[in-house]
Amino acid sequence: MISFIVCAIALVVGYIIYGKVVEKVFGASDSIETPAIRLEDGVDFVPMPEWKIFLIQFLNIAGLGPIFGAIAGAMWGPAAFLWIVFGCIFAGGVHDYFSGMLSVRHDGASIPEVVGMYLGNGFKQFMRVFSVVLLVLTGVVFVSGPAGILNGLIPSVSTQTFLYIIFAYYVIATLVPIDKLIGKIYPLFGICLLIMCFGVGGAIILGGYDIPEIPTHLYNMHAKGLPLYPMLFITIACGAISGFHSTQSPLMARCITKESQGKRVFYGAMIAEGIIALVWAAASMSFFGGVEGLAKFMAENNSNAGIVVNTITNSLLGKIGGTLAVIGVVACPISSGDTAFRSARLTIADSIKFNQGSIRNRLAISIPLFIVGFILTRINFDIVWRYFGWSNQTLATIVLWTSAMYLVHTKKSHWMATIPATFMTAVCTTYILIAPEGFKLSMSIGLPVGIVAAVAAITGFLAAAKKVTSEVAAEV
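Residues numbered from 1 in each chain as written. Predicted model: local features only at pLDDT ≥ 70, side-chain atom pairs only at ≥ 80, totals over all residues. Heavy atoms only, no water.

Quick word on the overall build of the protein chain
Put simply, the rule is: Strands here are runs of E lasting at least two residues and helices are runs of H or I lasting at least four, both read from the DSSP assignment and numbered beginning at the N terminus. Only the C-alpha atoms count toward the radius of gyration. The rule for a globule is 2.2 Å times the residue count to the power 0.38. Exposed residues in this analysis have more than 50% of their type's maximum accessible area, buried residues have under 20%, and partly exposed residues fall in between, with area computed by a 1.4 Å probe over protein chains only. We call two residues contacting when some pair of their heavy atoms lies within 4.5 Å. For the accessible areas, the method is Shrake-Rupley and the probe is 1.4 Å, while residue cover comes only from the protein chains on display. Within this scheme the basic residues Lys and Arg register as positive and the acidic residues Asp and Glu register as negative, but His and the chain ends are omitted. Think of each charge as sitting on NZ of Lys, CZ of Arg, CG of Asp or CD of Glu.
Looking only at helices and strands, the protein chain has 19 helices and zero strands in total. In terms of overall dimensions, the protein chain is globule-like: its C-alpha atoms have a radius of gyration of 21 Å, near the 23 Å expected for 476 residues. Along the three orthogonal principal directions, the C-alpha set of the protein chain runs to about 65 × 50 × 40 Å. Burial statistics for the protein chain: of 476 residues in total, 59% are counted as buried. Taking contacts inside the protein chain between residues at least 6 apart in sequence as the whole, the part at least 24 apart equals 84%. Accessible surface for the protein chain amounts to roughly 17700 Å². Of this, 69% is attributable to carbon and sulfur atoms. Side chains of the protein chain carry 28 positive and 23 negative charges; the gap between the two charge centres is 4 Å.

Section: the pattern of salt bridges
Inclusion rule: For this analysis, a salt bridge means a side-chain nitrogen from Lys or Arg found within 4 Å of a carboxyl oxygen belonging to Asp or Glu.
A complete count under the given rule lists eight salt bridges for this structure. Between arginine 345 and aspartate 44 there is a salt bridge, with the nearest N and O atoms lying 3.5 Å from each other. Taken together, the residues span a long stretch of sequence, with arginine 345 in helix 15 (residues 305–352) and aspartate 44 in the loop between helix 2 (35–38) and helix 3 (50–62) at a distance of 301 residues. By the burial criterion, arginine 345 is buried, and aspartate 44 matches it. Sharing partners across several salt bridges, the network here consists of Asp44, Arg342 and Arg345.

With respect to unusual backbone geometry
Residue proline 230 follows tyrosine 229 across a cis peptide bond; omega there is 5 degrees. Among the secondary structure elements, proline 230 is positioned in helix 11 (residues 228–235). The backbone of aspartate 107 sits at a positive phi, close to 60 degrees, despite the residue not being glycine. Looking at the secondary structure, you find aspartate 107 in the loop between helix 5 (79–105) and helix 6 (111–119). Positive phi, close to 60 degrees, is recorded for lysine 440, a residue that is not glycine.

Brief notes about the side chain of histidine 245
Topologically, histidine 245 is positioned in helix 12 (residues 244–253). The contacts of histidine 245, once residues within four sequence positions are left out, are Ile61, His95, Asp96, Cys238, Met270 and Glu273.

Description of empty space enclosed by the protein
Just so we agree on the cut-off: Cavities and pockets were defined on a 1 Å grid built from protein atoms only: a cavity is a group of points that admits a 1.4 Å probe but offers it no way out, a pocket is an open group of points flanked by protein on both sides within 12 Å along at least five of seven lines, and a lining residue is one with an atom within 4 Å of any such point. Grid points are joined across faces, edges and corners, and a volume is the space filled by probe spheres set on the points. Note on residue categories: nonpolar means Ala, Val, Leu, Ile, Met, Phe, Trp, Tyr, Cys or Pro, charged means Asp, Glu, Lys or Arg, and polar means any other residue, Gly included.
Scanning all chains against the criterion turns up one cavity of 30 Å³ or more. Taken as a whole, the largest cavity encloses approximately 60 Å³ of empty space. Lining the largest cavity we find Ser110, Ile111, Ser246, Thr247, Pro250, Leu251, Arg254, Ser343, Leu346 and Thr347. Those elements giving two or more residues to the lining of the largest cavity turn out to be helix 12 and helix 15. Take the lining of the largest cavity: its biggest share by element is four residues, from helix 12. A breakdown of the residues in the lining of the largest cavity according to their chemical character gives four nonpolar, five polar and one charged.

Let's talk about the packing of helix 3 against helix 12
In a pair of packed helices, the angle between the axes and the distance between the axes together describe the arrangement. This is how it is decided: What counts as an axis is a line fitted to C-alpha atoms, over the stretch in contact for a helix, and the angles between N-to-C directions run from 0 to 180 degrees. Relative orientations are named as follows: roughly parallel for angles under 35 degrees, roughly antiparallel for angles over 145 degrees, roughly perpendicular for angles from 65 to 115 degrees, and oblique for any other angle. It is the rotation of the near helix from the far one that decides the hand of a crossing: anticlockwise by less than a right angle makes it left-handed, clockwise makes it right-handed.
At a closest axis distance of 9 Å, the pairing of helix 3 and helix 12 adopts a crossing angle of 155 degrees. Classed by the angle they form, the pair helix 3 and helix 12 counts as roughly antiparallel. With respect to the hand of their crossing, helix 3 and helix 12 are arranged in right-handed fashion. Across the interface between the two elements, Ile53, Ile56, Gln57, Asn60 and Ile61 from helix 3 touch Phe244, His245, Gln248, Ser249, Leu251 and Met252 from helix 12. When the residues that make up the contact of helix 3 with helix 12 are grouped by side-chain class, the tally is six nonpolar, five polar and no charged.

Given below as structure tokens:
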């Protein structure tokens, strides 16, 4: 219990202290007019109140991630707490803040365009394709998961029918102006997600559940013996650091009215998501009588995290909890899915300079995306989820390197981005080498190669940074 409470406090303190440091290093200034003011178009560039922007950003980046990922990550034990806390504060918060604020500084540009400005045209072209693939995978994950859960709740309606219904909603939400649908109902879903989180957290604490402590349980507790490194760092993504967030941040970068809102909207939403992940990791470890009990329950239910959520919320919060659980595991991922397709539309539009003011232009990009997405729903969900996990963290790594190069260009210390970027380079490289969906190599090969890749990345970056610094000095 003590470890859980200390970790929760650490996240809040991290937001207050390190969030301020990140904001200062970036150089946020309210004297700079934001894209929402300069480029208002009534569709994607729409000024909105800060509280509403925060809740939309929070809901957009949440989805299944901080709940399902935390439940799966809890299988390794309280080591998950440390990754959530340190990942959130020093990696995820930095990633989300910079991806959002760099978009603000560059007319609300999508993340591939921002990457291209600092890492070059090659990276930009790669990111245009890579980010769209990730966004479509995200949309598929966030339609297949909820459809399956709804079918479990209402067996008389097939999963296929729910897929059609959710896709129909996606079409509408992706095309209409952002303040007409997303801006009106998503804040309500965001509030529900927060209520469910604090309700479960409070019930665990007040109910006296035995949450494993870090000092006595800091070892690999996974029932199947899966290696803690790098598996845990890929499994818990949205609750610590997630590249998907960088694809969502430009949506709200086109809506904030002052740069000072960036810390609360981007860094703050990441910390809020970390708190949700922390609560669900703790609840999963303690509700079933320990990590072993969680592993047994998951094995008996085909590793279905949705059943874990329903069981915990219905038991701890009663009928209200059951209602909130449906919102949490159905409405919330659906809301992330539609903004994923919206981001994909905007990413493609930005890359080909295709104005999105008319409904015809929006349809021209959206329809092919939905067709591809629907075809991918025919593939096994577990396979799609695994590829989503690795590509998600790989994108986060690239965005961190981009943030580091921005700091070099602006003559500021780059280490707050460079250190987590180096670590995540090692994680992603090692994972793809040893993972079932990767090259299936042994850890004795994957680990050293991952370390070499990280060393090569930081060495190459420092060489490029030295060159950029010389060029900037010459211009002055």
